[in-house]
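Here's the letter readout for the chains.
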Amino acid sequence: MITCRACPRLVAWREQVAREKRRAFRDWTYWGRPVPGFGDPGAELVILGLAPAAHGANRTGRVFTGDRSGDFLFAGLHRAGFANQPRSEHREDGLALTGAYIVAPCKCAPPDNKPLPEELSRCAPFLDREMALLPTQVVLTLGAIAWNATLAWLERVGVAIPSPRPAFGHGAELALPGAPLLLGCYHVSQQNTQTGRLTPAMFDAVMARARVLIENRRGT
């Protein structure tokens, strides 16, 4: 995965950012490559994000690490008992996840945080391989792109998707035969967390619901 150069636009952007850097991180050697998933390989909860942040995971080489979105996410995972610490600053900071794994449908930092449909399509085989390795019971999708990427993954592995296509919403749930449960949550971007669209209490409620859904699935 980390050697992939299939998307010229993404390759050019991730490497430009890694060369030019942000002033605050001028002493860093940026990762500047595709970013794989991270977490517990036995996870029943998979958290699907969007893509690496230009000066976050594209710098540190670990998803949601080194930016404000990650600060919000890992603090919430720590409160919910899925993470051993509330912050994630670099790959060697001691962070460990229990029962959770984080992946992104786009592995490279995209300009304006907006991967193109064809870029998501090229990246899909990597997502498929990651998901195939995990004993997933619940997929927590952070935002509409993650929700739709999960539906596309389910289609690729043979799950029938209803028509009309189920729509993303915060707190939305979708149970399909032969598939993990889908649970929607607004993305943990600053655009959502700093405006109050997604609050810590709202995120905690979603995580509590994820726990319940996992326990229910274990009992079936």
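It should be emphasised that the depicted structure is a prediction, and the values quoted were computed from it without experimental measurement.

Colleague: What should I look at first to understand the overall build of the protein chain in this one?
Modeller: Per the secondary structure count, the protein chain includes seven helices and six strands. If you list the helices and strands of the protein chain from N to C, you get α-β-β-α-α-β-α-β-α-β-β-α-α. In terms of overall size, the protein chain behaves like a compact globule, its C-alpha atoms giving a radius of gyration of 17 Å where 220 residues would be expected to give roughly 17 Å. If you take every contact in the protein chain between residues at least 6 apart in sequence, the share linking residues at least 24 apart comes to 66%. About 10,300 Å² of surface is accessible on the protein chain, with carbon and sulfur atoms providing 53% of the total. Charge centroids of the protein chain, computed over 26 positive and 19 negative side chains, lie 3 Å from each other.

Colleague: Quick question: what am I supposed to make of the sheet that holds strand β3 (residues 100-103) here?
Modeller: Strand pairing in a sheet relies on backbone hydrogen bonds. The paired strands run either parallel or antiparallel. Read across the open sheet, the six strands follow the order β1-β3-β2-β4-β6-β5; overall the sheet is mixed. Bordering the open sheet on either side are β1 (38-39) and β5 (173-174), each of which pairs with just one other strand. Here strand β2 (residues 45-48) runs beside β3; their pairing, made up of four bridges, is parallel. Looking across to β3, one finds that I47 is bridged to I102. The sheet strands contacting helix α5 (residues 144-156) are β2, β4 (138-142), β5 and β6 (181-185), and the helix crosses β6 at an angle near 165°. Each of β2, β4, β5 and β6 is contacted by helix α7 (residues 200-218), which is oriented at about 175° to β6, the strand it contacts most.

Colleague: Is there a simple way to think about the packing of helix α3 (residues 68-79) against α7 in this case?
Modeller: For any two helices packed against each other, one specifies the inter-axial angle together with the distance between the axes. Following both chains from N to C, one finds α3 and α7 inclined at 50°, their axes separated by 10 Å at the closest point. Considering their axes alone, α3 and α7 lie oblique with respect to each other. Here α3 and α7 pass one another in a crossing that is right-handed. Together, F72, L73, G76, L77 and R79 of α3 and P200, F203, D204 and M207 of α7 make up the contact between the two elements. Split into classes, the residues belonging to the contact of α3 with α7 amount to six nonpolar, one polar and two charged.

Colleague: Hey, could you run me through the UniProt feature "domain: Uracil-DNA glycosylase-like" (unreviewed entry) in the protein chain in this one?
Modeller: When the UniProt feature table is mapped onto this chain numbering, "domain: Uracil-DNA glycosylase-like" (unreviewed entry) sits at residues 36-207. Here residues 36-207 runs as 33% helix and 13% strand, with 23 Å between its end C-alpha atoms.

Colleague: When you look at unusual backbone geometry in this model, what are you seeing that I'm missing?
Modeller: When glycine is set aside, most residues are seen to have a negative phi, and most peptide bonds are trans. Following S163, the chain continues into P164 via a peptide bond in cis, with omega recorded as 0°. Here P164 is to be found in the loop between α5 and β5. With phi around 60°, K21 is a residue other than glycine that occupies positive phi space. Among the secondary structure elements, K21 is positioned in the loop between α1 (8-20) and β1.

Procedures and definitions
- Residues numbered from 1 in each chain as written.
- Predicted model: local features only at pLDDT ≥ 70, side-chain atom pairs only at ≥ 80, totals over all residues.
- Heavy atoms only, no water.
- Helix = DSSP H or I, 4+ residues; strand = E, 2+ residues; numbered from the N terminus.
- Rg over C-alpha atoms; globule rule 2.2 N^0.38 Å.
- Contact = heavy atoms within 4.5 Å.
- Areas by Shrake-Rupley, 256 points an atom, 1.4 Å probe, with all protein chains shown as cover.
- Lys, Arg positive; Asp, Glu negative; His and termini not counted.
- Charge placed at Lys NZ, Arg CZ, Asp CG, Glu CD.
- Pairing = 2+ DSSP bridges.
- Axes fitted to C-alpha atoms, helices over the stretch in contact; angles between N-to-C directions.
- Parallel < 35°, antiparallel > 145°, perpendicular 65-115°, else oblique.
- Left-handed = near helix turned anticlockwise from the far one by under 90°.
- Nonpolar A, V, L, I, M, F, W, Y, C, P; charged D, E, K, R; others polar.
- UniProt positions renumbered as here; feature names shortened; annotations may be inferred.

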